[in-house]
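Okay, here's what each chain looks like letter by letter:
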Amino acid sequence: MYKNVIVKTPGKSYVKGLTTSSLGIPDYEKVLKQHAAYVEALQKCGVMVTHLPASEQFPDSTFVEDTAVLTPEFAVITNPGAASRNGEIKGMETVLEKFYEKFYHIQSPGTLDGGDILQIEDHFYIGISDRTNEAGARQLKDILTSENYKATIVPLKEFFHLKTGITYLGDNLVVAAGEFIDHPAFAPYQKIIVPPEEEYSANCILVNDYVLIPKGFETTKRNIQAAGYKTIELEMSEFQKQDGGLSCLSLRF
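Rules of the game
Residues numbered from 1 in each chain as written. Predicted model: local features only at pLDDT ≥ 70, side-chain atom pairs only at ≥ 80, totals over all residues. Heavy atoms only, no water. Helix = DSSP H or I, 4+ residues; strand = E, 2+ residues; numbered from the N terminus. Rg over C-alpha atoms; globule rule 2.2 N^0.38 Å. Buried < 20%, exposed > 50% of the residue type's maximum accessible area, 1.4 Å probe, protein only. Contact = heavy atoms within 4.5 Å. Areas by Shrake-Rupley, 256 points an atom, 1.4 Å probe, with all protein chains shown as cover. Lys, Arg positive; Asp, Glu negative; His and termini not counted. Charge placed at Lys NZ, Arg CZ, Asp CG, Glu CD. Pairing = 2+ DSSP bridges. Axes fitted to C-alpha atoms, helices over the stretch in contact; angles between N-to-C directions. Phe/Tyr/Trp six-rings, centres within 6.5 Å; stacked < 30°, edge-to-face > 60°. Core = buried A, V, L, I, M, F, W, Y, C linked by side-chain atoms within 4.5 Å.

Draft legend 1. Up close: the overall build of the protein chain. Along the protein chain, the regular secondary structure elements total five helices and 15 strands. Computed over C-alpha atoms, the radius of gyration of the protein chain comes to 17 Å, within 12% of the 18 Å expected from 2.2 N^0.38 for 253 residues, which places it in the range of a compact globule. The C-alpha extent of the protein chain, read off along each of the three principal axes, is 45 × 40 × 35 Å. Evaluated residue by residue, the protein chain yields a buried proportion of 57% over its 253 residues. Once local pairs closer than 6 in sequence are excluded, the contacts in the protein chain between residues at least 24 apart make up 67%. Here the protein chain displays about 11,300 Å² of accessible surface, and carbon together with sulfur accounts for 50% of that area. One finds the centroid of the 24 positive side-chain charges in the protein chain at a distance of 3 Å from the centroid of its 33 negative side-chain charges.

Draft legend 2. Expanded view of the sheet that holds strand β3 (residues 68-70). Pairing is mixed across the open sheet formed by three strands, whose spatial order is β3-β4-β5. Looking along the sheet, the strands with just one partner apiece sit at the ends: β3 and β5 (103-105). When strand polarity is set aside, the average angle formed by the axes of neighbouring strands in this sheet is 20°. Here strand β4 (residues 75-77) runs beside β5; their pairing, made up of three bridges, is parallel.

Draft legend 3. Examining the packing of aromatic side chains more closely. The final tally for this structure, using the stated rule, is 14 aromatic pairs. Judged by centre distance (6.1 Å) and plane angle (75°), the ring pair of Phe74 and Tyr149 falls under edge-to-face. Of this pair, Phe74 sits in the loop between β3 and β4 while Tyr149 sits in the loop between α3 (134-146) and β8 (150-155), placing them 75 residues apart in sequence. Per residue, the accessibility class of Phe74 equals that of Tyr149, and both read buried. Geometrically, the ring pair formed by Tyr200 and Phe217 is tilted, given 6.0 Å between the ring centres and 45° between the ring planes. With Tyr200 in the loop between β11 (190-193) and β12 (205-207) and Phe217 in the loop between β13 (210-214) and α4 (218-226), this pair connects stretches of sequence that are 17 residues apart. Residue classification places Phe217 among the buried positions, given a relative accessible area of 13%.

Draft legend 4. Region of the structure containing the nonpolar core. Grouped together as the largest cluster of nonpolar side chains are 27 residues, with contacts concentrated most on Tyr125, Leu162, Phe180, Phe186 and Ile224. Elements supplying a minimum of two residues to this core: β6 (117-120), β9 (166-170), β10 (173-176) and β13. Top contributing element to this core by residue count: β10, with four residues. Sequence-distant contacts of Phe180, defined by excluding residues within four places in its chain, comprise Val154, Leu156, Phe159, Leu162, Gly165, Ile166, Phe186 and Lys191. In this structure, Val31, Val47, Tyr210 and Leu234 belong to the second largest nonpolar core, which totals 26 residues.

Draft legend 5. View of the sheet that holds strand β15 (residues 251-252). Strand order in the open sheet formed by three strands is β2-β1-β15, and the pairing between neighbours is mixed. The sheet is open, and its two borders are formed by β2 (48-52) and β15, each paired with just one other strand. In terms of strand pairing, strand β1 (residues 4-8) meets β15 through two bridges, oriented antiparallel. For Ile6, the partnering residue across the bridge sits in β15 and is Leu251.

Honestly, that's just the spatial picture; any functional story needs more than this.
Written as structure tokens, this is what we have:
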């Protein structure tokens, strides 16, 4: 059960942030409405929300997940793979000092985005992507194993981040798309298979009693509900334009 969530309001500079998509420039008014609905949904899930103000200096900083990897015992401050995002981590560490006493840090030349880290119980899966390199992945693996967690490094072939294509829902069940459907690292888990045309919906999040899912992906929604989960659908169009998903917008612990 999560008790705390950290979110950050998107600044006006968000529309000029990093993206690999060709979906167009975000509409800032819609960005704010969609983010507000996201925060409201988190509150419905029964968590305490720490809501940080916008940082115009960092266009992508609403995607707070990339700045840290959190466990019950300690926090790992990342070293984001995009140089323009590196300054985000200092402010986030200051916020996390209210919740944690024990910190680790990913050091250059290692890079690591939190979106590449999937926790399944006591086992962490660490994606190597355009934003997380092998040096960063190995640093995190060493930190986790020193703290009695298991860790597996998973080089990505298709997805932007590891969690772009796979989500853990508890009870040995994952939502999986694309390269993760038959990936040997995830063979031990039962799977809800996401069809290719609904790939974006693989990035959903379980927050206590609800699964938050992007709106408009009916097959994935039905399959999650059939597995016994209550869902909350959220419009995510303006975040999808900047390569963002539901998990990217919060740190949950």
